[in-house]
Amino acid sequence: MRDLGAGFGHLLKGQRWVARHGKSYGFGLVPGLITLVLYVAALVSLALWGTDFVAWATPFADDWSSPWSGLFRGFLTAVLFALALLLAVLTFTAVTLLIGQPFYESLSERVDRDVSPDGTAPESDLPLMRELWISGRDSLRVLLRAAVWGVLLFALGFIPVVGQTVIPVIGFFVTGFFLTEELTSVALQRRGVEVRDRLALLRSRKLLVWGYGTPLAVAFLVPFVAVFLMPGAVAGATLLARELLGEETRDGDDGRPDGGAGDLAVSSGPAGPYPTR
């Protein structure tokens, strides 16, 4: 049970770290805001033209008598919007990390430098486009795994009593696990850790992962919260990655403002004994 508290502690430490480093926090907000604008625009478009799309996709219902045609298409429109909303929640973190790869890479590296005893951080020697390709590919793999779990939990949700009590709780833990995988991927990818090894690493400390990711998954249910928590979530996930890898970490609460040693900079070369692709 100690790992549960330790995981939650990393979540709080990450939020405290960005609170002490205002420029880093503002820097880390940009990708979330961009993703939010894109998702809101897509959902608003669906709300405005979803009915027309459903009518176009169901021409066989044109000859149905009233009110069955309207009820059928209204139901399909509601289901379509609900699925789009669910998809937005499930993919928000992955899309934000993909859009914000250079932002979060720099933020994570700065956290590493701040808490490393020798003030250094592992750096990737890969070009930006290669990093984006790897991030997108790995995110897709993780999302497919998460989708399988989502379908399974959705089906189990129809079980009387258990489906309305136990299954939602399990769903939060599953979401927390995959959310943590996405967030720690920023630091672990920079260290050359492949997606399969990342998943194995997280499974070896499930309580630690759940302590970090499950409260975050609950918080992300509140509209717009994900945008403002993302920079701290990346910072905390970097600290979590260091613990998973057994790296020595000192207390980074030294009160140094932005602009000092370790200021944000995009990775430019390899460092540390980590394998490269």
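What you are looking at is a predicted structure, and each value in this text was computed from that prediction instead of being measured.

Right, let's get into a nonpolar patch on the surface. Judged by side-chain polarity, I159, V161, V162, V166 and I170 come together as a nonpolar surface patch covering roughly 380 Å² of accessible area. Its relative accessible area of 37% is what places I159 among the partly exposed residues.

It is at 8 Å that the axes of helix 2 (residues 22–57) and helix 9 (residues 225–244) come closest, and there the two elements cross at 140°. Classified by the angle between their axes, helix 2 and helix 9 sit oblique to one another. Crossing hand, helix 2 versus helix 9: right-handed. Contacts between helix 2 and helix 9 involve Y25, G28, L29, G32, L33 and L36 from the first element and V227, F228 and P231 from the second. Considering only residue class, the contact of helix 2 with helix 9 consists of seven nonpolar, two polar and no charged.

A separate point is the pattern of salt bridges. Counted by the stated rule, this structure contains twelve salt bridges. The shortest N-O distance in the salt bridge between R73 and D62 comes to 2.5 Å. Note that R73 is positioned in helix 3 (residues 68–99) and D62 in the loop between helix 2 and helix 3, a separation of eleven residues in sequence. Its salt-bridge partner being D112, residue R190 comes within 2.8 Å of it at the nearest N-O pair. You can see R190 sitting in helix 6 (residues 162–190) and its partner D112 sitting in helix 4 (residues 101–115), a full 78 residues away along the chain. Neither residue differs from the other here; R190 and D112 are each classed as buried. By sharing partners, the salt bridges in this structure join E105, D112, R190, R191, R242 and E247 into a single network.

About the thresholds
- Residues numbered from 1 in each chain as written.
- Predicted model: local features only at pLDDT ≥ 70, side-chain atom pairs only at ≥ 80, totals over all residues.
- Heavy atoms only, no water.
- Patch = residues over 30% accessible without salt bridge, like charges linked within 9 Å, V, L, I, M, F, W, Y side chains within 5 Å.
- Areas by Shrake-Rupley, 256 points an atom, 1.4 Å probe, with all protein chains shown as cover.
- Salt bridge = Lys/Arg side-chain N within 4 Å of Asp/Glu carboxyl O.
- Buried < 20%, exposed > 50% of the residue type's maximum accessible area, 1.4 Å probe, protein only.
- Axes fitted to C-alpha atoms, helices over the stretch in contact; angles between N-to-C directions.
- Helix = DSSP H or I, 4+ residues; strand = E, 2+ residues; numbered from the N terminus.
- Parallel < 35°, antiparallel > 145°, perpendicular 65-115°, else oblique.
- Left-handed = near helix turned anticlockwise from the far one by under 90°.
- Contact = heavy atoms within 4.5 Å.
- Nonpolar A, V, L, I, M, F, W, Y, C, P; charged D, E, K, R; others polar.

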